[in-house]
Amino acid sequence: MIRRLARRTGTSIAVVAAVFVLFAVVFAATGEAPAAMVFPAVSIEPGSLPEGVSILRWGRGFAVVTSERSDYVRALYGKGALLVLPLRKSGCLALRPASSP
């Protein structure tokens with residue numbers, strides 16, 4: 001019974017990790033999001049961000065950034081980011097733009 005629970009837990013963790021990796025790969029290829037949440041492999045300093053990237057919020061272990069550059073996600077990976085995920089106002093899974101009033 002414990003083995004079955006451990007196996008299911010491991011499978012669940014692998015599925016969640018795969019989803020995050022898929023988001024990161026698609027985002028690195030397209031770079032289309034108004035902002036990005038960056039998880040650095042090491043401590044990232046504001047001065048070490050790529051040119052044209054602005055910090056919106058700085059947290060412990062992550063930063064929320066934005067840029068007008070189309071290649072800013074790849075540039076963040078080039079500067080040592082471990083994971084860069086899209087960040088939208090209504091959540092990272094919101095694919096439709098917000099309707100205007």
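Residues numbered from 1 in each chain as written. Predicted model: local features only at pLDDT ≥ 70, side-chain atom pairs only at ≥ 80, totals over all residues. Heavy atoms only, no water.

Engineer: What am I meant to see in a positive patch on the surface here?
Structural biologist: A cluster of basic residues, Arg3, Arg4, Arg7 and Arg8, forms a positive patch at the surface. Mapped onto the elements of the fold, arginine 7 is located in helix α1 (residues 2-30). Taking relative accessible area as the criterion, arginine 7 reaches 57% and is therefore assigned exposed. (Patch = residues over 30% accessible without salt bridge, like charges linked within 9 Å, V, L, I, M, F, W, Y side chains within 5 Å. Areas by Shrake-Rupley, 256 points an atom, 1.4 Å probe, with all protein chains shown as cover. Salt bridge = Lys/Arg side-chain N within 4 Å of Asp/Glu carboxyl O. Lys, Arg positive; Asp, Glu negative; His and termini not counted. Charge placed at Lys NZ, Arg CZ, Asp CG, Glu CD. Helix = DSSP H or I, 4+ residues; strand = E, 2+ residues; numbered from the N terminus. Buried < 20%, exposed > 50% of the residue type's maximum accessible area, 1.4 Å probe, protein only.)

Engineer: Can you walk me through the nonpolar core in this structure?
Structural biologist: The tendency in soluble globular proteins is for nonpolar side chains to be buried as a group. Ranked by size, the top nonpolar core spans 14 residues in total, and within it Phe27, Val65, Tyr72, Leu76 and Val84 carry the most contacts. Of all the secondary-structure elements, those providing two or more residues to this core are α1, β1 (35-40), β3 (62-67), α2 (72-78) and β4 (81-87). When neighbours within four sequence positions are excluded, leucine 76 is seen to be in contact with Val38, Leu49, Pro50, Val53, Val65, Ala81 and Val84. (Core = buried A, V, L, I, M, F, W, Y, C linked by side-chain atoms within 4.5 Å. Contact = heavy atoms within 4.5 Å.)

Engineer: Quick question: what am I supposed to make of the sheet that holds β1 here?
Structural biologist: To summarise the sheet geometry, strands pair through backbone hydrogen bonds and adopt either a parallel or an antiparallel arrangement. Here we have four strands laid out as an open sheet, ordered β2-β3-β1-β4, and antiparallel in their pairing. With partners counted over all chains shown, the strands left at the sheet margins are β2 (53-59) and β4, one partner each. Going across the sheet, the axis of each strand differs from the next one's by a mean of 30 degrees, ignoring polarity. Note that β1 and β4 share six bridges and pair antiparallel. Each residue of the ladder has a partner; that of alanine 36, found in β4, is proline 86. Contacting β1 and β4, α1 crosses the sheet at an angle of about 80 degrees to β4. (Pairing = 2+ DSSP bridges. Axes fitted to C-alpha atoms, helices over the stretch in contact; angles between N-to-C directions.)

Engineer: How should the environment of glutamate 32 be read in this particular structure?
Structural biologist: Relative to the helices and strands, glutamate 32 is located in the loop between α1 and β1. Sequence-wise, glutamate 32 and valine 73 are 41 residues apart; in three dimensions their C-alpha atoms are separated by 9.1 Å.

Engineer: I keep staring at the environment of leucine 85 and nothing clicks. Help me out?
Structural biologist: Along the chain, the position of leucine 85 falls in strand β4. For leucine 85, a relative accessible area of 10% puts it in the buried group. Along the primary structure leucine 85 and methionine 37 are separated by 48 residues, whereas in three dimensions their C-alpha atoms are 5.3 Å apart. Not counting chain neighbours up to four residues away, the residues in contact with leucine 85 comprise Phe20, Phe23, Ala24, Phe27, Ala35, Ala36, Met37 and Phe39.

Engineer: How should the pairing of β3 be read in this particular structure?
Structural biologist: In summary, the side chains of a regular strand alternate between the two faces of the sheet. Burial within β3 is extensive, with five of its six residues counted as buried. Sheet topology note: the β1/β3 ladder contains three bridges and is antiparallel. Residue valine 38 lies in a different strand from β3, and its bridge partner there is alanine 63. Of the pairings in the sheet, the one linking β2 to β3 comprises six bridges and is antiparallel in character. The partner of glycine 59 across the bridge, within β3, is phenylalanine 62. Linkage of β2 to β3, two consecutive antiparallel strands, is achieved through a turn of two residues, within which glycine 61 is found at a positive phi near 90 degrees.

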